[in-house]
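# Chain and residue survey
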Amino acid sequence: YAEAVLAQKTRKIDADGTVHGGPVYYIKTAFHGKFGTFLAGFFAVAIILALGFMGCMVQSNSIASTMNTAFGIPTWLMGIIIVVFAGFIFLGGLSRLAAVTEKVVPFMAIVYLIGGIAVLIANASHVGDAFFLIFEFAFNPNAELGGVTFGIIAALSQGAKRGLFSNEAGMGSTPHAHAQANVAKPHDQGVVAMVGVFIDTFVVLTLNALVIICTLYTADGPLANGYVGDVTSVLSKTNLAQTAFGSVMGASLGAKFVAICLFFFAFSTVLSWNLFGKINAIWLFGKKNPKACTVIYTLIALVFILMGTMMSNDLVWELTDMFNNLMVIPNVIALFALTKMVVGSAESKIAQ
């Protein structure tokens, strides 16, 4: 809520209607002088690395891995395909990005939710067991996770990392999109931002978790006895969802269903994150020549996307987690500094 409200309140609109907004603008509002410039610059560099480059590597890696599993497409070839499509849209500007995402995102979400619900209905008898397992292993981890103390720390750490990655609340990325919205009052966009986090994390990701746990970890599932033995050579982070959906749809159809849905999810994320990084690259380096800055930034981003399809899954995740954390620091400092502005927006709505 705070990020969206501040993005609306501090955005700049050019004479031609072009909107500029995001954390660098409310950071500069919170802190004037050299400290504000440093903090905004630190954020801009962090988001360019975290989302524009490293984050897109995670998405392309996931696309390439699932497409390889489902269709046998070599990861390097899938990388080239992604780069071609992404480059075409990147250089087409914001209007082309909006035209693609506004059609793709609702469709992919509905299809995936329907598929997930179908799997849960087929495994309805295991849903209760799945919830039990979630709490059991969160508060009573097995020896593989290092016992109770280290197990809980690991659960909290991974939860924070994946939660941050999934909904980006507090990270400073989504304010760039919220700044572009046309709303009557900043409060309205703040509410939209909160609803988005709820749908993304509590609905879509909970559904995904339940699908995987119900089919793989309960009863006679392949991971009922833990991630040990021969199963470690078959199941990995990249094909868990494909295997879970395949238990109901059939191995081949399940793998293809997840691969296609993931392509839409991940590719639309690549488009958005590239835009967020580009906004900050222009703010940092391209005020005099934004077109040249955009071309250079885009070419570097495309190289990282291609690299992501050829690197190990664990490495790309570790890189993006590290740079995501760097983004949070300057963003959250500014959010706290502008608390009065955020509270004032909420109170003005209550007063009505």
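A brief report on the enclosed structure follows. The shown structure was predicted, so the numbers you read here are calculated from the model rather than taken from an experiment.

### Observations regarding the overall build of the protein chain
- Within the protein chain one finds 14 helices and two strands.
- The principal-axis extents of the C-alpha atoms in the protein chain amount to approximately 60 × 50 × 35 Å.
- In the protein chain, which comprises 352 residues, the proportion classed as buried is 44%.
- For the protein chain, contacts bridging at least 24 residues in sequence account for 78% of all contacts bridging at least 6.
- Accessible surface, the protein chain: about 17300 Å² in total, of which carbon and sulfur atoms supply 71%.

### Some thoughts on the packing of aromatic side chains
- Evaluation of the coordinates by the stated rule reveals 14 aromatic pairs.
- Look at Phe53 and Phe304: their rings are 4.8 Å apart centre to centre, the planes differ by 5°, and that puts the pair in the stacked class. With Phe53 in helix α3 (residues 33–71) and Phe304 in helix α12 (residues 290–308), this residue pair connects regions lying 251 residues apart in the sequence.
- Take Phe53: its relative accessible area is 8%, and that puts it in the buried class.
- Under the relative-accessibility criterion, Phe304 is labelled buried at 18%.
- One aromatic cluster is present, formed by Phe107, Phe263, Phe264 and Phe267 through successive ring pairs.
- Over the aromatic face of Phe165 sits the side chain of Arg162, whose NZ or CZ is 6.0 Å from the ring centroid.
- Above the ring of Trp283, the side-chain terminus of Lys287 is found at 4.9 Å from the ring centroid.

### Considerations on unusual backbone geometry
- The phi dihedral of Glu168 is positive, around 65°, even though this residue is not glycine.
- Locating Glu168 in the fold gives a position in the loop between α7 (147–167) and α8 (175–178).

### A short note on the pattern of salt bridges
- Applying the stated rule across the entire model yields one salt bridge.
- A salt bridge links Asp321 to Arg162, with the nearest nitrogen and oxygen atoms 2.6 Å apart. Of this pair, Asp321 sits in helix α13 (residues 313–337) while Arg162 sits in helix α7, and the two are 159 residues apart along the sequence.
- We classify Arg162 as partly exposed; its relative accessible area is 28%.

### Quick word on the side chain of Thr66
- Mapped onto the secondary structure, Thr66 falls in helix α3.
- Polar side-chain contacts of Thr66 include one of 3.1 Å to the backbone oxygen of Ile63.
- For Thr66, the residues in contact, after removing those within four places along its chain, are Thr238, Gln242, Ala259 and Leu262.

### Quick notes on the nonpolar core
- Ranked by internal contacts, the top residues of the largest apolar core, which has 58 residues, are Ile63, Phe267, Ile305 and Met327.
- Contributing elements (two or more residues each) for this core: α2 (23–30), α3, α4 (75–90), α7, α11 (251–285), α12 and α13.
- With 18 residues, α3 is the single largest residue contributor to this core.
- Apart from the residues within four sequence positions on either side, Ile305 is in contact with Cys56, Ser60, Ile82, Val83, Ala86, Phe90 and Val270.
- Judged by nonpolar contacts, the second largest core, of 22 residues, contains Leu133, Cys214, Leu216 and Phe245.

### Considerations on a nonpolar patch on the surface
- Judged by side-chain polarity, Trp76, Leu77, Ile80, Ile81, Val84, Phe85 and Met310 come together as a nonpolar surface patch covering roughly 670 Å² of accessible area.
- Relative to the assigned elements, Met310 resides in the loop between α12 and α13.

### Details of the side chain of Ser166
- Within the secondary structure, Ser166 is located in helix α7.
- For Ser166, a relative accessible area of 18% gives the class buried.
- Polar contacts involving the side chain of Ser166 include one to the main-chain carbonyl oxygen of Gly163, which spans 3.0 Å.

### Some thoughts on helix α9 (residues 186–217)
- Look at α9: 44 Å from first C-alpha to last across 32 residues, which is about the 46 Å you get at 1.5 Å a residue.
- Within α9, the axis deviates most sharply at Leu205, by approximately 25°.
- Downstream of α9 by a residue or two, Ala219 has a phi angle that is positive, lying close to 45°.

### A short note on the packing of α2 against α13
- Following both chains from N to C, one finds α2 and α13 inclined at 50°, their axes separated by 9 Å at the closest point. Classified by the angle between their axes, α2 and α13 sit oblique to one another. For the pair α2 and α13, the sense of crossing is left-handed. On the side of α2, the interface is formed by Pro23, Tyr26, Ile27 and Ala30, while α13 contributes Pro330, Asn331, Ala334, Leu335 and Ala337.
- Here the residues of the contact of α2 with α13 sort into eight nonpolar, one polar and no charged.

Procedures and definitions
Residues numbered from 1 in each chain as written. Predicted model: local features only at pLDDT ≥ 70, side-chain atom pairs only at ≥ 80, totals over all residues. Heavy atoms only, no water. Helix = DSSP H or I, 4+ residues; strand = E, 2+ residues; numbered from the N terminus. Buried < 20%, exposed > 50% of the residue type's maximum accessible area, 1.4 Å probe, protein only. Contact = heavy atoms within 4.5 Å. Areas by Shrake-Rupley, 256 points an atom, 1.4 Å probe, with all protein chains shown as cover. Phe/Tyr/Trp six-rings, centres within 6.5 Å; stacked < 30°, edge-to-face > 60°. Lys NZ or Arg CZ within 6 Å of the ring centre and 35° of its normal. Salt bridge = Lys/Arg side-chain N within 4 Å of Asp/Glu carboxyl O. Polar contact = N/O pair within 3.5 Å; in protein donor to acceptor, adjacent residues only side chain to side chain. Core = buried A, V, L, I, M, F, W, Y, C linked by side-chain atoms within 4.5 Å. Patch = residues over 30% accessible without salt bridge, like charges linked within 9 Å, V, L, I, M, F, W, Y side chains within 5 Å. Expected span 1.5 Å × (residues − 1). Bend = angle between axes of the 7 residues up to and from the residue. Axes fitted to C-alpha atoms, helices over the stretch in contact; angles between N-to-C directions. Parallel < 35°, antiparallel > 145°, perpendicular 65-115°, else oblique. Left-handed = near helix turned anticlockwise from the far one by under 90°. Nonpolar A, V, L, I, M, F, W, Y, C, P; charged D, E, K, R; others polar.

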